[in-house]
Each structure stands twice: as structure tokens, then as C-alpha cells.
Amino acid sequence: MAVEEFLKQCQQSGDAAYAAFRSLLEKLEDPKTRTDARVFLSDLHSCVGSSDDCLHKYHFRIQDIYLDQYEGYRGRKKLTMMVIPSIFIPEDWSFTFYEGLNRHPDSILKDKTVAELGCGNGWITIAIAEKWLPAKVYGLDINPRAVKVSWINLYMNAFDEKGQPIYDEEKKTLLDRVEFHESDLLSYFREHDIQLERIVGCIPQILNPNPEAMSKMITENASEEFLHSLSNYCALQGFVEDQFGLGLIARAVEEGIAVIKPTGIMIFNMGGRPGQGVCKRLFERRGFRVTRLWQTKVLQAGDTDISALVEIEKNSPHRFEFFMGLSGDQPICARTAWAYGKAGGHISHGLSVYSCQLRHPNQVKLIFEFLKSGFQEISNSLDLSFEDDLVADEKIPFLAYLASVLKENSFFPYEPPAGCKRFRNLIAGFMKTYHHIPLTSDNVVVFPSRTVAIENALRLFSPRLAIVDEHLTRNLPRQWLTSLAVETAEPGLSEDVVTVIEAPRQSDLMIELIKKLKPQVVVTGIAHFESVTSSAFVQLLDATGEIGSRLFLDISDHFELSSLPGTSGVLKYLSGTPLPSHAAILCGLVKNQVYSDLEVAFVISEEHAILKALSKTVEVLEGNTSLISQYYYGCLFHELLAFQLMDRRPNPERRSENSKSVEVIGFATSAISVLNNAELSISDDGNSLIHMDVDQWFLPMPSPVKAAIFESFARQNMAESEIDVTPSIKQLVKSNYGFPTDSSTEFIYSDCLQALFSKLVLCCIQEGGTMCFPAGSNGNYVSVAKFLKANIVNIPTISEKGFKLTEDILNKALETVKKPWVYISGPTINPTGLLYSNKEMENILTACARFGARVVIDTSFSGLEFDFEGWGGWNLGGCLSKLSSSGNPSFCVSLLGGLSLKLLSGALKFAFLALNQPLLIDAFHSFPGLTKPHSTDKYSIKKLLALREQKGAMLDVVKEQIRKLENRAKRLKEALEKCGWDVLRPCAGVSMVAKPSLLNKAVKLSHSLKDTGSGEKDATYEVKLNDTTIREAIAKITGLCINSGSWTGIPGYCRFTIALEDSEFEQALACLVKFKSIVGN
């Protein structure tokens, strides 16, 4: 085709011009016609020149872009580039961007794999290839016409005017280095699994987003106006930065994280209108280190409407940044700029080029993979910007670990009460690697806090007299610190009164007190000036050993989570000498860089009996230590161990010290009874057990729960209102139970339900009350009361009433009870899974009021009702109001609740206690050592409670899981009945009870899950099946853990929990059949 004919076609319209050039591109792509086509382009350029008239008349323009920016530049002096109206025409923005790229050293792009986003007509992509000789540079644009024009420009610059290839110093042409592809930002690289080393982008900032613009189909044949607006990305991108016109850049950055190599660099052009702080924060909050390469000013385009920015300023404290003309140096806000522009003035704004690199690339990639897997809505809460590198080095790896745990696991696994096995292994590994102390996970027991560890240890031994370091007594019970029963002649009193004497930390003074007072337990730290050597520790060991005293030595202040931990005399001693049987090491972990109030503690001992007893004590009194808190510190330990070579050094030889054999205090009688007889967790001893004996949620966690957990840690600077859960809890107890609250009601929170109940039992003991448990109560709570030596009355219940409490039963039971404290599980009863109706509850409360009882209603197993026909829910407000005004003044009702089951939150534990009685509130606060929920827990719970009140995803998931529980209950009932069990059909919750027909049968059991101490692993022993042996028998024969009748309090009836992971539930059903087939025969 002759040049004249070509121009005639172009003159018809923009679409006709594009069609003509597309035909020309086909000839350029064919090596046979390429030379003639390139010569034709030269003739065309000579004919029309590069004036703006050409663009208006022929709908295209070919012009030269000059690159020789400084004297001595040896590269190509200019590029010849074509544009058409439907794509971006190079302007100040893109030239400033290229200037910014020039600020980098040449090595930054040479031999690298580079992508340019929003390449337009491709001039920057081609200039990068020409100047820096990258291995490959990809130009990407969402506009299909821009991609075709870029290819034409590539051929125009890869060949000279005679159609001959132009070679660079490495004997390559631009065709060897450059490719152009149609791509919405970086989608091309995701689809083709290409990893990049550099990402550059001169991306538009949209001031007036038009969500409808992207709803049309994107084709080459779309209108020129649409394709031009498409190049402007007129859609909202769903990021917080949208309000500043930066949403598209935010999306590009997040997509870039997935495809850039760990050492990769991103370089972006940023208009300064939102202010430099906002621009930098876009990168920093996503985990980048940012450098500003270049800054200048450009005039604001006259056709750009900035009224949207004026509106943002009107509704927020933010101020945009403009200047009066190019020479103005004082910023003005959008409103002033708008008025100045309307009056004919020229306004400008800053234009910067930013280079950014991920500071923790692999971890940040993991975080964004998690966000992209269905959690994009929380990305706006993510904040990875840190002024202190130490904070970043701690928080980013944890967020990455948390993201991987939440992404890869549908639920949090069962962990033993002694602490997460992985966490204990990491503690032992740290001690072994950094301090050369040969410990294993079995030497470590984890506690929620140092205070809890101290109080639990003192309750385990219940010493007549204990000496405690004055720095460690702050949260111990007030009664212990005010008792004067240092010596007592009264028989039996020594176990009921613990007297704690505060002592100075200085070792010589402490030892003097130990020798004079002869305490049975000593809890102390080491003064800072004495901590470097082991002499003070050895003297304490000797002084306590000589008088038969237990020693708990606190090393919290000297324990450093560092790759270069400071010298510790205590740990140096332990590397060469085993810990004596009467001593244990205590350490509270609070020294993290991010959360000053996130605590976990651990106790180290080399005495098996002590470790086992402490493990059981924490299980009885606390339940479990927060799993997420263990994950946090576990991540810190892991970071310090991950780069170490395992077992590189042999364990040092340790010499045993010859200590005098002096009898030390044993465990308290009540503790021994509970620890030996209560149904506590069964140790797996390496075997895989199925736990139908714990009230934990093992079904899949809903996405909103995972999102809330992650967001709570990803956020920074949470407002007090965002973690104030009290209004939400008040609403919950009012709407679900009609429980009245007023200004005198106090809500107390913990991350452990049993910890709250333990304190209530202590209040009962302090006022001389009696704990009253109906037969068919949660066995864990009964164990708490027994351990703490409360007076206990068991109230009999009958099968005809489903083992529920009734008014008549209570009237008979409470007649002879002094100061009764009545525990009631409801509306859903644990363990039976039955429901108390509102009328039944009113009758029970009426009976309690008659005797002036203090009532504890435990709602923690409620909220998952599936068979509630005729139930009608609870509304106790009117009844309680009437009883409070007319009944016995000592009558009061406290509401205990846990939200783990109600919110299906698994390891996210949160418990509350509502107290209405001033005397009870004062008594409760005299026992201050309570594990409080962390601010992240409160943020998550508040968010989830709000979601549960709304119609939508969370409520739908809860309903779906309730239906699943109902189906599980039916299937388990059928399976049990087939195996000869008598089943009480549940109506709600996660547990149910059944009575086996196999009681009184004799079975032989293996010692494999039992510690015989004889080494006879294959030995067997015979037991008769009854309430105390059936649990052990089922566990040893099948690996299924349930609760027996001694736990439920209902003779013969065992308890099963059903919120198991799917495959484990199926295995549990198979275990029941296996047990029947073995024992039944």
C-alpha cells in the first residue's frame, strides 16, 4: 500500500487508523515482509512529520523522544515512537519517571528480569532495554490497542530506517530483550508463573473513580473514549488508598509482592497530591523499605476535576498537597487549590519516584498469600510499617507464621495442658543450643503467666509458710499476705492457711530469713548484681536443701530472647550440674518488642513427679494456656533456632551434686486426691488419641474467625473503643438470657473459664460457703472445688427429669446446707446437652432465693441449640428483679460465660463473669492473680460478637455448624445404641451422655498407655468395667478418650463431645464398634 492510500484510510477515523496499523504490524511480525514494512514506516514518518495536526487529521502521530540527557552519553540518542488517541500519550509524568529511573546506578536493571506496568505506547519499556540491557523487559497494559502500538514501536526502534537490525554492545537487538503483553497489572506473570527482579510503573492516580467504567467488556474494538479511560483504570480497587486516588498503585504493589523475587525492587511514580506521608505509607504498611529517588513539580492538568478531593477534606482531617504554580514552595490544600484554579490560576503538585524493597520478603509473601486466599477485606487493616527494626524483625515473622497456620489448618489442634508440644520443644531447644542445658520438652510445663505459675505451685504444696521475693507477691491472694499464722498449734490448720512472708531479693538477706523461719516453699529471683555468677544460686540451693524447703527460682529478669544472650550464672550452673529434685526454675516471658502485656511463663524441673503434678495443677485450675500466646513466643524461639545446625556440639557432662537427704514438703492432701482421682487429660505417649473428653471446637473455624484473629495482630495503635468488649457482652447477656445489668454490675474477663470459676470457689471458701453441684455437672469444675478444699455438696438428680435440677430437689437439698453456692449449667446443660426452659430456671432460682443461695449460672456451653421446640429461650430479667427485692439479701446470681463454642473460635478463648453483688465483687478482687485476655483477643471477640448479631456470613456459618452438630448427635446416638448403650438424646451444645451395658465385665488391658515403672511394655492387667475404669479401658483398647460417670456425676453415664474434625469423628464411631466387639466377646 502506498503512503497516500494509508493516510487516506487513517483520515476516516481513529478506528480506521488503528485497523491500518494493525495490518502493518502483521507485516512487521513476518520476517519475510518485515524489512519493507519498516521502510514503509520511515516513509510515513517523513511524509507526515510529528506535529499535533497529524494526530487530529490522521489519528496518529510519530515523534522522536530524546534520551541523551548528559554529555558523554554513549547510547542511542533518541527513540522514534508512535501514538494513537485511544492510549496514553507520553507527558510530564512519564518523563519524570524516566528521570527517576536514571537516578539508579546502571547495575540496578542490567541483566535483570523487568516489568513495566501501564506501558502505554511502550517508550519507557524500550528505553529501559536500550539503556540498561536487562535480560528481559516486559511491557504490560490493560488496553489491547496500547499493546499493539507498543509492538509497532518496538519494531520501529529494533530496526533502522532501511529495515536492518540494530545491535547493542552484547550483539542483541531490542527484539531479544523486549516483549509486550495485554495484562491487568501483573496477572500475566501470575498466569505464566514468572518471577520478576524489578517492577517499574508510571501508574495513573484516579481522582474521580468510576466503578462502572470497568464493567464493560474489554476489547480492541471498544470505543476510543472507553479505551482511553480504561488506561486510566477508572474503577475503585477496594483499598483504603482509593480515597486518595492511590488504589490502583496499592493493588499493583500487592500483586507485585507475589511475583517479585526476594531481593527484588519496585519503582513507582507517585503524584504528591495526597501528601508525601500518604504516598510513603502506601508502601511501608505493606512491609517495604522506601527511598525517594527523585522529586519535581508538574502542573495539574486543566481538565482534571479535583472537587472530589475537596469533598474528602470536608469530611476528614486529611489535607491534600498542591502548590501555586511551579515556583510555589508552600503547600495549599485541595479547597484552596480548587478556588485558585477556578479563578484562572495555575496549580501544581509534587511528583516523586519511589524505590522500595521488602524488608522481610519471604514472610511478607506468606502474609499476602494468606490475605489473597479469601481474606482480602482485612488487608486495609494490615500495618507493617515500623520505626524500630527490632519490632519489625519480631512482628513480621510472627504474622507470617500466624498466616500460614490459619491458611493451612481448618482448626487448632488439641494440645496437652502442660503446653503446646512444639513450644516446649522450642524452649528446650533454646536452652540446649544457647545455654548448653540438655533439656527435653518433658522438662517444661507452660503457664499463662508468672503470677499464675507461682500461685499454682503454692496451692499444689499448700505450705504452712512460704517466703516469696517482694517483687513477686503483687498478685498473690490478699489473705496469704495478711495471715499471721506463721506458727500454729491447731491441728489440720497448716494445709488450710498459706502464710506468705515477703523478703528482699538480695541472697544473703533471703538466706538469713530461710534459716531463721524455715519455710516449706521459697520463691525468689536473683538480684541483678548477683546474677552473673552462680554463687548466689548455689547458696540458695544449699540453704533450702538443708531445711527441706522447695525452691522456685525466677530467672525472668535475666532471661534474654536473643542470639547473644547475656551471661546468667543460674543457666551456666545448670549446663554443668543437674537441677536438684527440690528446686525448679521459673521464667515469665514478657520481653518481646511488640506487646508489653503478652505473657507466657514456663517452669523447668528435672524431677518427673513435680512436672507431672504442676501439669495437672494448671489443667485443673486454669485449663489451658492461650495457644496463640504460645505461638507468639514459639515464633521468637524458632527465629533464634532456625539458622542453627542441630546437635553440632555434644551435650556437656554434668556432675551430680551430693545433697543431704532431707525430707521436703509433699503435695497438699486435697491436691493428691484430685490429681490421682480426677479425670484429667490422658497422655498420648506417642500414640494418636481421639479426644471426645474436652470442650474444644475442632470443627472448621469460619473465615470471619480467622480474619478477626489475624487482623487483631496485624493492626497497630488500636483505639480503646475497639477493644472495649463490655458493651458487646452486656448486649449478649441481655438479648440471650435477659440478664439484668446496671452501673453496679462488674464484668471480669479471662482467657480461661476455669480460672474465673477457681476464683469464685475461693470467694465461696472465704465466706464459709458450700459449693453445691447437681449430679450431671461439668467434672472439671467439681475437680477445681475439690482441689481448693471447698465444702462440697452433691445434689442428686433423677433420670426421669433428664438429670436436671428441679425446685423440689433443691428445696430438699438446701435445707441443711450452710451458705449454699449453687452451680447451674444452662440454658444448655453440660454434660447432658439438655436445655432448661425459662420456666424451669425461674423455679430453680425461686428455690435458691428462699435459702439465700449464691447462684452461678454457667452459660459457656450454650448458644448452639438445635432441638429447641417449645424451649423459647431465656428472659430472666423480671424473675431476678422480683426475687432480689423480696428474697433473702444474700441471694444473688452471677453469670459465667465462655465464647469459644458460641463463636466457633477454637483456640481463641475468652471467658467473662458478671457480678452484681458488691461484697462478692470485693471478695473476688482479693484474689488478683487472674490471666487477663490480651488486647488482640478483645479486639477479635468484639468484632465477632458484632458479626454474630448481623445477618450474613457469620450467622449463616453458625447455623450450618449447629445443623452439623445435630446430625452428629443423631449419628452418635445410633452408633451407641447399636453397641448396647442407653443414650440420653441431647438438644444442644457439643456434649451428650450415655450408659454402657458392659459395666461389671472384666477386661485385660495393656500397659502401653500406663506408666508402670517396671519397663514391662507388653504386660497386661485385668480390670472390672465401672465408673472409674471404663474411660481407661476404652482409651487403651481403641485410643478414644471419653469422660466416665465419675466425671459426669451421674452413676454409669459417660460423656462424649462431638465437635471433632470430620475424620476423627468417623474414627470415634469406629472405636465404639471396636470396643464392643472386643469387650462384648
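J.: Any chance you could explain the sheet that holds strand 16 (residues 583-589) here in plain terms?
T.: Paired through their backbone hydrogen bonds, the strands of a sheet run either parallel or antiparallel. The mixed open sheet is built from seven strands, whose spatial order is 11-17-16-15-14-12-13. For this open sheet the edge positions go to strand 11 (444-447) and strand 13 (499-503), each flanked by a neighbour on one side alone. The sheet shows a mean angle of 20° between the axes of neighbouring strands, taken without regard to direction. Pairing of strand 16 with strand 17 (residues 600-604), which is carried by five bridges, proceeds in the antiparallel orientation. Opposite isoleucine 585, over in strand 17, you have isoleucine 604 as the bridge partner.

J.: Help me out: how do you make sense of unusual backbone geometry in this one?
T.: Of all residues except glycine, most have a negative phi; of all peptide bonds, most are trans. Residues glycine 826 and proline 827 are joined by a peptide bond in cis, for which omega reads -5°. Along the chain, proline 827 falls in the loop between strand 22 (820-825) and helix 32 (838-850). Residue proline 831 follows asparagine 830 across a cis peptide bond; omega there is 25°. By the secondary structure assignment, proline 831 is in the loop between strand 22 and helix 32. In this structure, histidine 59 is a non-glycine residue whose phi angle is positive, near 65°. Non-glycine residue leucine 133 carries a positive phi angle of around 50°.

J.: How should the packing of aromatic side chains be read in this particular structure?
T.: Aromatic rings considered in pairs are described by the distance between their centres and by the relative angle of their planes. Inspection of every chain in the model, using the stated rule, returns 44 aromatic pairs. Look at phenylalanine 398 and tyrosine 632: their rings are 4.6 Å apart centre to centre, the planes differ by 55°, and that puts the pair in the tilted class. Taken together, the positions of phenylalanine 398 in helix 16 (residues 389-408) and tyrosine 632 in helix 24 (residues 627-641) put the pair 234 residues apart, joining distant regions of the chain. Taken individually, phenylalanine 398 and tyrosine 632 each receive the classification buried, so the pair is uniform in this respect. Seen from their ring centres, tyrosine 737 and tryptophan 874 are 6.1 Å apart, and the 70° between their planes marks the pair as edge-to-face. Taken together, the residues span a long stretch of sequence, with tyrosine 737 in helix 28 (residues 726-737) and tryptophan 874 in the loop between strand 23 (854-858) and helix 33 (877-886) at a distance of 137 residues. Pair check on accessibility: tyrosine 737 and tryptophan 874 agree, each one buried.

J.: Can you walk me through helix 34 (residues 918-925) in this structure?
T.: Side chains three or four residues apart in an α-helix point the same way, a direct result of the helix having 3.6 residues per turn. Among the residues of helix 34, those classed as buried are Leu920, Ile921, Ala923 and Phe924. The buried side chains of helix 34 occupy one side of the element, clustering within an arc of 165° when seen end-on. Exposed residues on helix 34 whose side chains face more than 90 degrees from its buried face are Pro918, Leu919 and Asp922. The inward-facing, buried residues of helix 34 abut strand 19 (746-750), helix 29 (753-766), strand 22, strand 23, strand 24 (892-898) and strand 25 (911-915). Two or three places before leucine 919, at the start of helix 34, stands the capping residue glutamine 917, its side-chain oxygen 3.1 Å from that residue's backbone nitrogen.

J.: What am I meant to see in the pattern of salt bridges here?
T.: For side chains of opposite charge, pairing can occur when their charged atoms come near one another. Counted under the stated rule, the structure contains 38 salt bridges. Between glutamate 254 and lysine 372 there is a salt bridge; the shortest N-O distance is 3.2 Å. Here glutamate 254 is found in helix 11 (residues 247-259), whereas its partner lysine 372 is found in helix 15 (residues 361-372), with 118 residues between them in sequence. Judged by relative accessible area, lysine 372 falls into the partly exposed class, the value being 42%. One salt bridge connects arginine 968 with aspartate 1062, and the closest N-O pair in it is separated by 2.7 Å. Residue arginine 968 is located in helix 36 (residues 953-978), and its partner aspartate 1062 is located in helix 39 (residues 1062-1079); the two are separated by 94 residues in the primary sequence. Connected via shared salt-bridge partners are Lys110, Asp111, Asp168, Glu170 and Arg177.

J.: What is the right way to look at the confidence of the model for the protein in this model?
T.: As a general rule, the predicted coordinates of low-pLDDT regions are not to be interpreted in detail. With 92% of its residues at a pLDDT of at least 70, the protein reaches an overall mean of 88. Mean pLDDT per element in the protein: helix 10 (residues 224-231) is the minimum at 49, and strand 11 is the maximum at 98. Low confidence marks residues 208-218, where pLDDT is under 50. Its contacts with residues over four positions away, or in another chain, come to 21 contacts. Segment residues 488-494: pLDDT under 50, and five contacts once partners within four positions in sequence are set aside and those in other chains are kept.

J.: So what exactly am I meant to see when it comes to the packing of helix 13 (residues 307-315) against helix 14 (residues 334-342) here?
T.: For any two helices packed against each other, one specifies the inter-axial angle together with the distance between the axes. In contact at an axis separation of 8 Å, helix 13 and helix 14 are set at 145° when each is read in the N-to-C sense. For helix 13 against helix 14, the interelement crossing comes out left-handed. Between helix 13 and helix 14, the contacting residues are Ser307, Leu309, Val310 and Glu313 on the first element and Ala334, Arg335 and Trp338 on the second. Of the residues that constitute the contact of helix 13 with helix 14, the class distribution is four nonpolar, one polar and two charged.

Analysis parameters
Residues take numbers from 1 onward in each chain, read along the sequence in its written order. It should be noted that, the model being predicted, local features are given only for residues of pLDDT at least 70 and side-chain atom pairs only at 80 or more, the latter also being counted only at that level, while totals for whole chains, interfaces and linings use all residues. Excluded from the side-chain calculations are hydrogens and water; all other atoms, namely the structure's heavy atoms, are used. In short, DSSP must find at least two bridges between two strands for them to pair. Helix and strand definitions follow DSSP, with helices as H or I runs of at least four residues and strands as E runs of at least two, each counted in order from the N terminus. Note on method: axes are straight lines fitted to C-alpha atoms, helices fitted across the in-contact stretch only, with angles between N-to-C directions ranging 0 to 180 degrees. Each Phe, Tyr or Trp ring, with Trp reduced to its six-membered ring, pairs with another whose centre is within 6.5 Å; inter-plane angles below 30 degrees give stacked pairs, above 60 give edge-to-face pairs, and intermediate values give tilted ones. Exposure categories follow from relative accessible area, calculated using a 1.4 Å probe and restricted to protein chains: below 20% of the type maximum is buried, above 50% is exposed, and the middle band is partly exposed. Arc definition: directions from the helix axis to the C-beta atoms. It only takes one pair of heavy atoms within 4.5 Å for two residues to be counted as in contact. Any pair of N or O atoms that falls within 3.5 Å is considered a polar contact. Within protein, one atom must be able to donate a hydrogen and the other to accept it, and sequence-neighbouring residues count only if both atoms are side-chain atoms. What makes a salt bridge here is a side-chain nitrogen of Lys or Arg within 4 Å of a carboxyl oxygen of Asp or Glu, nothing more. Values of pLDDT, ranging from 0 to 100, describe the predictor's confidence in every residue of the model. Each crossing gets its hand from how the near helix is turned against the far one by less than a right angle, where anticlockwise is left-handed and clockwise is right-handed. Gly falls in the polar group here, along with every residue not listed as nonpolar (Ala, Val, Leu, Ile, Met, Phe, Trp, Tyr, Cys, Pro) or charged (Asp, Glu, Lys, Arg).

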